[in-house]
Amino acid sequence: MKLGIVGLPNVGKSTLFNSLTNAGALAANYPFATIDPNVGIVAVPDKRLKLLGDLYNSKKVTPATIEFVDIAGLVKGASKGEGLGNQFLANIRETDAIVHVVRCFEDPNVVHVDGSVDPARDIETINLELIFADLEVLERRIAKVAKLARMDKSAAKELEILERIKATLEENKMASELEVDNDDDRAFINGLDLLTWKPVIYAANVKDDDLADDGASNKYVAAVRDLASKSGSEVFVISAQIEAEISELDDDEKAEFLESLGLSESGLDKLIAASYRTLGLMSFLTSGEDETRAWTIKIGTKAPQAAGKIHTDFERGFIKAEVINYEDLLREGSLSAAKEKGLVRMEGKEYVVQDGDVILFRFNV
């Protein structure tokens with residue numbers, strides 16, 4: 001999973017990126033502190049892995065990962081070359097979703113690029129820049145396809161879809177607001193890598209005082225939630241500053257620190273949960289002496305395609321999947337004990353993998 005982080009300058013974007021990835025991106029109280037795209041890879045916290053790794057005495061425990069791409073703060077006119085953001089927009093075209101960091105705190109010591117805190121205006125500014133950037137891409141594509149469309153039916157169909165998306169963007173709407181009923185059309189649009197087609201997760205960045213009640217008493221967070229509800233987007237409340245402090249602690253200290261703040265999970269935990277929900281993802285597990293590992297797949301994936309995540313040969317030569325729920329396996333203490341109680345199932349090609357399944361694939365190539 002790959003997530004692109006966007007936002008205006010000085011909203012806490014790079015501080016958040018640093019704390020999530022410990023990648024050391026430059027963070028400073030002035031616009032354009034981030035002048036190169038930063039990429040960081042983060043392990044997805046999963047308590048099941050350690051428990052299974054201990055059970056099997058695995059030599060290696062490998063979590064699922066998320067790749068974060070942080071780009072320079074966008075400003076009005078970024079798509080036309082203002083500021084430094086536009087040159088990095090290409091870096092988030094291949095991401096699965098966009099994390100839009102929105103400033104929801106007052107602080108006279110942190111300059112706001114537009115002079116005041118206004119989440120609705122700030123979100124609109126970023127959205128318009130993404131729209132303008134996509135219009136540029138579409139216009140080039142339309143010019144190319146239009147020549148072919150006179151003689152080619154498939155090109156004519158492609159042109160029709162492109163024109164519909166362009167008309168939507170010209171109304172200052174995101175491409176994701178376009179109604180698409182046909183799976184083939186949806187697949188075609190997916191392939192365009194449009195920024196405005198990607199799902200958005202809003203990170204409402206607040207002062208630590210607003211974390212305990214999840215921003216319920218913060219008027220700026222309320223504004224973000226109101227806007228997000230119209231597009232069905234997820235919102236999570238975070239303090240980039242607190243995340244920066246958490247990132248310096250070990251697991252035990254982290255748990256104590258969160259408890260002292262009245263929190264049950266970190267901002268990273270919230271973001272990962274929101275990302276999995278937004279993208280319809282889940283994890284199945286494999287475990288043995290050599291390695292215990294989490295594999296991220298789409299909800300609804302069948303056994304052969306899940307096997308293909310491990311290796312294409314596994315999908316090509318799929319025979320059966322030996323499946324047990326991780327809770328059953330941990331409770332029984334071994335696979336052989338679970339088998340004696342009939343808790344291990346042999347599943348075929350039509351089996352839909354469930355979150356937390358521990359699977360051994362049988363294949364022949």
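Structural data are supplied above this passage.
A few points on the structure. (Residues numbered from 1 in each chain as written. Predicted model: local features only at pLDDT ≥ 70, side-chain atom pairs only at ≥ 80, totals over all residues. Heavy atoms only, no water.)

1. Thoughts on the side chain of serine 283
Reasoning step 1: Among the secondary structure elements, serine 283 is positioned in strand E8 (residues 281-287).
Reasoning step 2: Classification of serine 283 as buried rests on a relative accessible area of 5%.
Reasoning step 3: Those residues within four positions of serine 283 in sequence are excluded, and the remaining contacts are Arg48, Tyr276, Trp295, Thr296, Gln354, Asp355 and Gly356. (Helix = DSSP H or I, 4+ residues; strand = E, 2+ residues; numbered from the N terminus. Buried < 20%, exposed > 50% of the residue type's maximum accessible area, 1.4 Å probe, protein only. Contact = heavy atoms within 4.5 Å.)

2. So, empty space enclosed by the protein
Sizing a probe to match a water molecule and rolling it over the atoms shows the empty space that remains.
Reasoning step 1: The tally for this structure, following the rule as stated, stands at one cavity of 30 Å³ or more.
Reasoning step 2: A volume near 50 Å³ is recorded for the largest cavity.
Reasoning step 3: Along the wall of the largest cavity there are 13 residues; nearest its centre are Leu211, Glu243, Leu263, Ser266 and Gly267.
Reasoning step 4: Put simply, the parts of the chain that give the lining of the largest cavity at least two residues each are strand E7 (234-238), helix H8 (240-246) and helix H10 (267-279).
Reasoning step 5: The element best represented in the lining of the largest cavity is H8, accounting for three residues. (1 Å grid on protein atoms, 1.4 Å probe; cavity = no way out; pocket = protein on both sides within 12 Å on 5 of 7 lines; lining within 4 Å. Points joined across faces, edges and corners; volume = space filled by probe spheres on them.)

3. Details of the layout of surface pockets
Reasoning step 1: Considering only enclosed or pocket space, the largest pocket measures out at about 1100 Å³ in volume.
Reasoning step 2: Residue lining of the largest pocket: 33 residues in total, with Val44, Pro45, Asp46, Lys47 and Asp269 positioned closest to the centre.
Reasoning step 3: Where the lining of the largest pocket is concerned, the elements lending two or more residues are helix H1 (13-21), strand E2 (38-43), helix H2 (47-56), H8, helix H9 (251-260), H10 and E8.
Reasoning step 4: Sorting elements by how many residues they give to the lining of the largest pocket places H10 first, with five residues.
Reasoning step 5: Class assignment for the residues of the lining of the largest pocket results in 17 nonpolar, six polar and ten charged.
Reasoning step 6: By volume, the second largest pocket amounts to about 680 Å³.
Reasoning step 7: Lining the second largest pocket are 26 residues, with Thr95, Asp96, Pro199, Leu279 and Lys298 sitting closest to its centre.
Reasoning step 8: Mapped onto the lining of the second largest pocket, the elements with two or more residues apiece are helix H6 (183-190), H10 and strand E9 (291-298).
Reasoning step 9: Element by element, the count of residues in the lining of the second largest pocket is highest for E9, at five residues. (Nonpolar A, V, L, I, M, F, W, Y, C, P; charged D, E, K, R; others polar.)

4. Comments concerning the packing of aromatic side chains
Reasoning step 1: Here the structure, examined in full by the defined rule, presents four aromatic pairs.
Reasoning step 2: Pairing phenylalanine 284 with tryptophan 295 gives two aromatic rings, centres 6.5 Å apart and planes at 15°, and the pair type is stacked. Of this pair, phenylalanine 284 sits in strand E8 while tryptophan 295 sits in strand E9, and the two are eleven residues apart along the sequence.
Reasoning step 3: Relative to phenylalanine 361, the ring of phenylalanine 284 lies with its centre 5.9 Å away and its plane at 90°, an arrangement referred to as edge-to-face. Highlighted residues: phenylalanine 284 in strand E8 and phenylalanine 361 in strand E12 (residues 357-363), separated in sequence by 77 residues. The same class applies to phenylalanine 284 as to phenylalanine 361, namely buried.
Reasoning step 4: Members of the aromatic cluster, connected to one another through ring pairs, are Phe284, Trp295, Phe318 and Phe361.
Reasoning step 5: Cation over ring: arginine 48 sits above tyrosine 326, and NZ or CZ is 5.4 Å from the ring centre. (Phe/Tyr/Trp six-rings, centres within 6.5 Å; stacked < 30°, edge-to-face > 60°. Lys NZ or Arg CZ within 6 Å of the ring centre and 35° of its normal.)

5. Looking at the environment of glycine 232
Reasoning step 1: Its place among the elements puts glycine 232 in the loop between helix H7 (219-231) and E7.
Reasoning step 2: Residue class for glycine 232 comes out exposed when judged on its relative accessible area of 64%.
Reasoning step 3: Along the primary structure glycine 232 and valine 200 are separated by 32 residues, whereas in three dimensions their C-alpha atoms are 9.1 Å apart.

6. A word on unusual backbone geometry
Reasoning step 1: Backbone geometry at asparagine 172 places phi at a positive 60°, although glycine is not the residue there.
Reasoning step 2: Counting through the fold element by element, asparagine 172 comes out in the loop between helix H5 (153-170) and H6.
Reasoning step 3: On the accessibility criterion, asparagine 172 (48% relative accessible area) is partly exposed.
Reasoning step 4: One non-glycine residue, aspartate 193, lies in the positive phi region at around 55°.

7. Section: the sheet that holds strand E1 (residues 2-6)
Reasoning step 1: Taken together, the six strands give an open sheet; going across it, the order is E2-E4-E1-E5-E6-E7, and neighbouring strands pair in mixed fashion. Each edge of the open sheet is held by one strand with a lone partner, namely E2 and E7. Each neighbouring strand pair of the sheet contributes to a mean axis angle of 25°, computed without reference to strand direction.
Reasoning step 2: Direction of pairing for E1 relative to strand E5 (residues 97-103): parallel, over a ladder of four bridges. By the bridge assignment for E5, valine 6 is matched with histidine 100.
Reasoning step 3: Contacts between helix H4 (residues 119-149) and the sheet are confined to E1, E5 and strand E6 (200-205), with E5 contributing the most and set at about 145° to the helix. (Pairing = 2+ DSSP bridges. Axes fitted to C-alpha atoms, helices over the stretch in contact; angles between N-to-C directions.)

Function cannot be inferred from these measures alone, as they are strictly geometric.
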